[in-house]
Amino acid sequence: MYKSYYASDLGLIEVVASDHFVEGVNFVEEKDASFLENDLTKKCVLELMEYLKKERFEFDVPFRLKVNKFQEKVYQEVLKIPYGRTQSYEGIAKNIGSIASARAVGCAISKNPLLFLVPCHRIISDNGSLVGYKAGLDLKRQLLVFENSL
């Protein structure tokens, strides 16, 4: 596995990739001292930088989600949410044909291995409140304000 790091204003972001796919984008406390970069991790960092400068609204790097079938359905639905828009957990559950599974949708989203690329920060409560985000509610609020969706 290859890694690159981006010290953003939001925190240190780690990008993990195989030879062909980005497989992880998460906030970390410190760099892995023995990391090796590849073209894919570097490209993903560049796209993250462009996103955080409002020069990019979608990501082009190839990525792979190593998740179960339910999570895959949830993440594919999350990927449909445009920049600057939000969707509710209940809306996602309804859209995947599992209207009673809003909590399961929340659980799936909490395990998102690809922050930013799979924009789970765009998921809010049905009443419009901010709940749950792997990287913390303060960051979720910042990202939604940044995207002008709050």
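The text that follows walks through the structure, step by step, so that each part is easy to find. Quick caveat, the model's predicted, so the values are computed rather than measured.

So, how was this worked out
- Residues numbered from 1 in each chain as written.
- Predicted model: local features only at pLDDT ≥ 70, side-chain atom pairs only at ≥ 80, totals over all residues.
- Heavy atoms only, no water.
- Buried < 20%, exposed > 50% of the residue type's maximum accessible area, 1.4 Å probe, protein only.
- Helix = DSSP H or I, 4+ residues; strand = E, 2+ residues; numbered from the N terminus.
- Pairing = 2+ DSSP bridges.
- Salt bridge = Lys/Arg side-chain N within 4 Å of Asp/Glu carboxyl O.
- Phe/Tyr/Trp six-rings, centres within 6.5 Å; stacked < 30°, edge-to-face > 60°.
- Lys NZ or Arg CZ within 6 Å of the ring centre and 35° of its normal.

### Here we look at the pairing of strand S2 (residues 11-17)
Each regular strand carries side chains that alternate between the two faces of the sheet.
Okay, so step 1: Within S2, six of the seven residues are buried, which leaves the element mostly enclosed by the surrounding structure.
Okay, so step 2: In this structure, strand S1 (residues 2-8) lies alongside S2, joined through seven bridges in antiparallel fashion. Across the sheet, Ser 8 pairs through a bridge with Gly 11, a residue of S2.
Okay, so step 3: The loop that links S1 with its antiparallel partner S2 comprises two residues.
Okay, so step 4: Where S2 lies against strand S3 (residues 22-28), six bridges are found, and the strand directions are antiparallel. Pairing of Ala 17 across the sheet is with Val 22, part of S3.

### Describing the pattern of salt bridges
Okay, so step 1: For the structure on display, the rule yields eleven salt bridges.
Okay, so step 2: Between Glu 14 and Lys 3 there is a salt bridge, with the nearest N and O atoms lying 3.7 Å from each other. Highlighted residues: Glu 14 in strand S2 and Lys 3 in strand S1, separated in sequence by eleven residues.
Okay, so step 3: Taking the shortest distance from any N to any O, the salt bridge between Arg 56 and Glu 50 comes out at 2.8 Å.
Okay, so step 4: For Arg 56, a relative accessible area of 15% puts it in the buried group.
Okay, so step 5: A cluster of three or more residues bridged by salt bridges with shared partners is formed by Lys 43, Glu 47, Glu 50, Arg 56 and Asp 60.

### Looking at the packing of aromatic side chains
Okay, so step 1: For the structure shown, the criterion picks out seven aromatic pairs.
Okay, so step 2: Centre to centre, the rings of Tyr 51 and Tyr 83 are 6.1 Å apart; their planes meet at 80°, and the pair counts as edge-to-face. Taken together, the residues span a long stretch of sequence, with Tyr 51 in helix H1 (residues 39-52) and Tyr 83 in the loop between helix H2 (69-78) and strand S4 (87-88) at a distance of 32 residues.
Okay, so step 3: The class for Tyr 51 is buried, based on a relative accessible area of 1%.
Okay, so step 4: Between Phe 57 and Tyr 83, the aromatic rings sit 4.6 Å apart at their centres with planes inclined by 80°, giving edge-to-face as the arrangement. Of this pair, Phe 57 sits in the loop between H1 and H2 while Tyr 83 sits in the loop between H2 and S4, and the two are 26 residues apart along the sequence.
Okay, so step 5: Residue Phe 57 is classed as partly exposed on the basis of its relative accessible area of 45%.
Okay, so step 6: Over the ring of Phe 146 we find Lys 54, and its NZ or CZ is 4.9 Å from the ring centre.

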